[in-house]
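Fold and contact review
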Amino acid sequence: MTARRWPALVALGVLSGTLHPVVARAQRRTNAVLVARVLEATTGNPLLSAEVRLLELGRSAHTDAQGLARFDAVPPGNYELAVRLIGYEPVAGRLTVHAGDSIQTAVVLRPLTVLDTIRVVGHALSPQMRGFALRERKAFGHFLNAPLLKREGGRDLQTVLLAHLPGLTQIWDDSSHRYQLASTRGPQDFSGKPCFIDAIYIDDTRLPDPPDLTFLHTDNLAGVEFYSASNIPVQYRTPGSACGVLLFWTKFIAR
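Residues numbered from 1 in each chain as written. Predicted model: local features only at pLDDT ≥ 70, side-chain atom pairs only at ≥ 80, totals over all residues. Heavy atoms only, no water.

**Focus on the layout of surface pockets**
One number sums up the size of the largest pocket: a volume of about 280 Å³. Lining of the largest pocket is provided by 19 residues; of these, Asp156, Leu157, Gln158, Leu213 and Thr214 occupy positions nearest its centre. Of all the secondary structure elements, the ones that give two or more residues to the lining of the largest pocket are α3 (157-164) and β12 (178-183). Sort the elements by how many residues they give to the lining of the largest pocket and β12 lands first, with four residues. Classifying every residue of the lining of the largest pocket by side-chain character gives seven nonpolar, seven polar and five charged. (1 Å grid on protein atoms, 1.4 Å probe; cavity = no way out; pocket = protein on both sides within 12 Å on 5 of 7 lines; lining within 4 Å. Points joined across faces, edges and corners; volume = space filled by probe spheres on them. Helix = DSSP H or I, 4+ residues; strand = E, 2+ residues; numbered from the N terminus. Nonpolar A, V, L, I, M, F, W, Y, C, P; charged D, E, K, R; others polar.)

Here it is as structure tokens:
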């Protein structure tokens, strides 16, 4: 019985990656059969669980104990065959399939000298931002987190606040001669005076009254919290907080 030859495909950069398969052609079949055998370069032994892919078809198979991966019903065409296995250099090459072909090809994988290093990078939150994250999970107030602020980068801060924080508005304040943030839900006295938000903190430091936010920019913020009068955290329930509390956390404190 004549031994079957398995032409080899080696890693790109060593050869061109063009496949030279053994082809047997049956006239009555419309589609083709492809069998790839994956071998270890230094020993010639078959490799188990190598992933073999026909990229254009989005099909894949894994090799068995004999190093074989089989694809049935492969339509005629020109395909890229890619093979990979952890610890070995990946291989890719092209082959042409005709109707009725029965194709057998060998793929040789070379061991990697050094496995790629995987780095896991974490960023520790500052104590202030850990508090922000904890309160955001409890969802007692309204929050603008870092991803949202990044998307809004470049926009006017008060415009961003009014767009995302329910219960917040801005009203002209004659005493400070500028627009001030106010609550639509806080108490008003009998004169109908707006309920201005006087309790405003930046990195846990309260601003003097009336607060001036003109120096703050969206790009410099890591988080914003807004609490109406009924749900202010106990540590921020101070004189002048009856209309609500605004907390701004800058990127400097987040580091």
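Read on for the rest.
**Re the sheet that holds strand β7 (residues 77-84)**
Read from one edge of the open sheet, four strands run β5-β4-β7-β8, paired in antiparallel fashion. Among the strands making up the open sheet, the edge pair consists of β5 (59-62) and β8 (91-97). Each neighbouring strand pair of the sheet contributes to a mean axis angle of 20°, computed without reference to strand direction. (Pairing = 2+ DSSP bridges. Axes fitted to C-alpha atoms, helices over the stretch in contact; angles between N-to-C directions.)

**Description of the nonpolar core**
A general feature of soluble globular proteins is that nonpolar side chains tend to end up buried together. Counting 23 residues, the largest nonpolar core has Leu34, Val38, Val52, Val74 and Leu109 as its most contacted members. Within the residue set of this core, elements represented by two or more residues are β3 (32-40), β4 (51-54), β6 (68-74), β7, β8 and β9 (101-109). Counting residues per element, this core draws most heavily on β3, which supplies four residues. Other than its neighbours up to four places away in sequence, valine 74 contacts Asn31, Ala32, Leu34, Leu54, Leu57, Arg59, Tyr79 and Val97. Leu168, Cys195, Leu207 and Leu221 belong to the second-largest nonpolar core, a separate cluster that totals 22 residues. (Core = buried A, V, L, I, M, F, W, Y, C linked by side-chain atoms within 4.5 Å. Buried < 20%, exposed > 50% of the residue type's maximum accessible area, 1.4 Å probe, protein only. Contact = heavy atoms within 4.5 Å.)

**Side note on helix α1 (residues 127-138)**
An α-helical turn contains 3.6 residues, so any two residues separated by three or four positions project in the same direction. When the terminal C-alpha atoms of α1 are compared, their 17 Å separation across twelve residues agrees well with the 16 Å that a helix rising 1.5 Å per residue should span. Taken residue by residue, α1 has Met129, Gly131, Phe132, Ala133 and Arg135 as its buried positions. Two residues or fewer after α1 comes alanine 139, characterised by a positive phi angle close to 60°. (Expected span 1.5 Å × (residues − 1).)

**Regarding the environment of leucine 149**
The residue leucine 149 is located in helix α2 (residues 146-151) in this model. Considering only alpha carbons, one finds leucine 149 and valine 224, 75 residues apart in sequence, at a separation of 8.9 Å. When sequence neighbours within four positions are dropped, the list of residues in contact with leucine 149 reads Leu144, Thr218, Leu221, Ala222, Gly223 and Val224.

**A word on the packing of aromatic side chains**
Taken as a whole and assessed by the stated rule, the structure comprises four aromatic pairs. Judged by centre distance (6.0 Å) and plane angle (90°), the rings of phenylalanine 143 and tyrosine 227 are edge-to-face. Placement of phenylalanine 143 in strand β10 (residues 142-144) and of tyrosine 227 in strand β16 (residues 221-227) is noted, with a sequence separation of 84 residues between them. For phenylalanine 143, a relative accessible area of 16% puts it in the buried group. For tyrosine 227, a relative accessible area of 1% translates into the label buried. For the pair tyrosine 201 and tyrosine 236, a centre-to-centre distance of 5.1 Å together with 70° between the ring planes defines the contact as edge-to-face. You can see tyrosine 201 sitting in strand β14 (residues 199-202) and its partner tyrosine 236 sitting in the loop between β16 and β17 (245-250), a full 35 residues away along the chain. For tyrosine 236, a relative accessible area of 5% puts it in the buried group. A connected cluster of aromatic rings, assembled from ring pairs, spans Phe132, Phe143 and Tyr227. (Phe/Tyr/Trp six-rings, centres within 6.5 Å; stacked < 30°, edge-to-face > 60°.)

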